[in-house]
Amino acid sequence: MPAAREVVTTRAAWPLIAHGLARTRGAGAPGAITAAAASAAALRLPALFGEVQATSLTGPASRIVGLIRSYAGLAARGWQMIMAASAQIERGPRAARRFARANVALYIESVYDAQFTLAQVGKQLVDGYRKLGGPVAFGAALPQSEIDTLAQTYSEANDRLHPHVAVRLGS
């Protein structure tokens, strides 16, 4: 599952960026950061979540698709920009290094926001399931046990990053 892989690689890389990128030059992006960026870039949404198909979804389903689309976009773009900032800090001209250092907090925050957004999927799923009639309405097609498993997978306990972003814009 690509989202699960992305969560694992992001959690491994998070301690390396939560307080900003390393100040020392010469090391490049550590392997954990490169792995997280590659994992986020590999995220592919199911066709149902695509731009055209998602417009046909309503109610709770549209909220969940919106969360997942936001997560995928924030994660992929955030890691892409962190990698670009790291490259500029490492090898760029002085002005580019300064710009990258001044703006990297935005990119780090987007990675945090992506994981936080993914963590909200479980809550929305449970709420939507209840709102639409729960086990009585869905029966064997979507049992409560499957909803519980999905809610645990997409939960704050499983997906939210700790510590909160500690780097500030311009640092």
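Residues numbered from 1 in each chain as written. Predicted model: local features only at pLDDT ≥ 70, side-chain atom pairs only at ≥ 80, totals over all residues. Heavy atoms only, no water.

**Side note on unusual backbone geometry**
Quick reminder of the rule: Per the convention used, a helix needs a DSSP run of H or I reaching at least four residues, while a strand needs a run of E reaching at least two, with both numbered from the N terminus.
Between His162 and the following residue, Pro163, the backbone shows a cis peptide bond with an omega angle of 0 degrees. Relative to the helices and strands, Pro163 resides in the segment after α9 (156-159).

**Things to note about the pattern of salt bridges**
Stated precisely, the cut-off is as follows: Whenever Lys or Arg places a side-chain nitrogen within 4 Å of a carboxyl oxygen from Asp or Glu, that contact is recorded as a salt bridge. Here the term buried applies to any residue with accessible area under 20% of the maximum for its type, exposed to any over 50%, and partly exposed to those in between, with areas from a 1.4 Å probe on protein chains only.
The tally for this structure, following the rule as stated, stands at 2 salt bridges. One salt bridge connects Glu156 with Lys123, and the closest N-O pair in it is separated by 3.1 Å. Placement of Glu156 in helix α9 and of Lys123 in helix α6 (residues 121-131) is noted, with a sequence separation of 33 residues between them. Given a relative accessible area of 43%, Lys123 falls into the partly exposed group. For Glu156, the salt bridge goes to Arg160, with nearest N and O atoms at 3.1 Å. The exposure class of Arg160 is partly exposed, given its relative accessible area of 24%. Linked through salt bridges whose partners overlap, the residues forming this network are Lys123, Glu156 and Arg160.

**Structural notes on the packing of helix α1 (residues 2-17) against helix α2 (residues 31-41)**
Using the following cut-off: Note on geometry: axes are C-alpha line fits, over the in-contact stretch for helices, and angles between N-to-C directions span 0 to 180 degrees. We call two directions roughly parallel when the angle between them is under 35 degrees, roughly antiparallel when it is over 145, roughly perpendicular when it lies between 65 and 115, and oblique otherwise. Helix crossings are classified by the rotation of the near helix relative to the far one: an anticlockwise turn of less than a right angle makes the crossing left-handed, while a clockwise turn makes it right-handed. Should any heavy atoms of two residues lie within 4.5 Å, those residues are considered in contact. Just so you know the grouping, Ala, Val, Leu, Ile, Met, Phe, Trp, Tyr, Cys and Pro go in nonpolar, Asp, Glu, Lys and Arg go in charged, and all remaining residues, Gly too, go in polar.
One way to put it is that α1 packs onto α2 with a least axis distance of 8 Å and a crossing angle of 150 degrees. The orientation of α1 with respect to α2, classified from their angle, is roughly antiparallel. Two packed elements cross with a definite hand, and for α1 against α2 that hand is left-handed. Contact with α1, carried on its side by Pro2, Arg5, Glu6, Thr9, Thr10, Ala12, Ala13, Leu16 and Ile17, involves Ala32, Ile33, Ala35, Ala36, Ser39 and Ala40 of α2 and no other residues of that element. Residue classes in the contact of α1 with α2 are distributed as 10 nonpolar, 3 polar and 2 charged.

**What about the environment of Arg44?**
Where we set the bar: Polar contact is defined as a pair of N or O atoms within 3.5 Å, subject to the rule that within protein one atom must be able to donate a hydrogen and the other to accept it, and that residues adjacent in sequence are counted only when both atoms are side-chain atoms.
Turning to its location among the elements, Arg44 is positioned in the loop between α2 and α3 (51-54). Within the structure, the side chain of Arg44 is placed 2.9 Å from the backbone oxygen of Ala41, a separation counted as a polar contact.

**Topic: α2**
One turn of an α-helix holds 3.6 residues; hence residues three or four places apart share an orientation. Where we set the bar: In this description, the arc belongs to the directions extending from the helix axis to the C-beta atoms.
Considered for burial, the residues of α2 that qualify are Ile33, Ala36, Ala37, Ser39 and Ala40. Buried residues of α2, seen end-on, are gathered within an arc of 165 degrees and therefore sit on one face of the element. For α2, the elements touching its buried residues are α1 and α4 (59-91).

**Regarding the packing of aromatic side chains**
Just so we agree on the cut-off: Aromatic pairs are defined between Phe, Tyr and Trp rings, using the six-membered ring for Trp, whenever the two ring centres lie within 6.5 Å; interplanar angles under 30 degrees are classed as stacked, those over 60 as edge-to-face, and all others as tilted.
Going through the model one piece at a time under the given rule, you end up with 2 aromatic pairs. Here Trp14 and Tyr112 contribute two aromatic rings whose centre-to-centre distance is 5.9 Å and whose plane-to-plane angle is 40 degrees, an arrangement assigned as tilted. Here Trp14, found in helix α1, pairs with Tyr112, found in helix α5 (residues 94-119); they are 98 residues apart in sequence, far enough to count as distant. As far as the burial class goes, Trp14 and Tyr112 line up, both buried. Between the aromatic rings of Tyr129 and Phe138, the centroid separation amounts to 5.2 Å while the plane-to-plane angle is 20 degrees, which identifies the pairing as stacked. Looking at Tyr129, the relative accessible area reads 4%, which means it is buried. When its relative accessible area of 29% is taken as the criterion, Phe138 is described as partly exposed.

**Side note on the packing of α2 against α4**
In contact at an axis separation of 8 Å, α2 and α4 are set at 140 degrees when each is read in the N-to-C sense. Judged by the sense of rotation from one axis to the other, the crossing of α2 with α4 is left-handed. For the pair α2 and α4, contact is made by Ile33, Thr34, Ala36, Ala37 and Ala40 and by Ala75, Ala76, Trp79, Ile82 and Met83, respectively. A per-class count over the contact of α2 with α4 returns 9 nonpolar, 1 polar and no charged.

**So, the environment of Ile33**
Inspection of the secondary structure assignment puts Ile33 in helix α2. Note: C-alpha distance between Ile33 and Val165 (132 residues apart in sequence) is 16 Å. Discounting chain neighbours no more than four positions away, the residues touching Ile33 are Ala13, Leu16, Ile17, Trp79, Ile82 and Met83.

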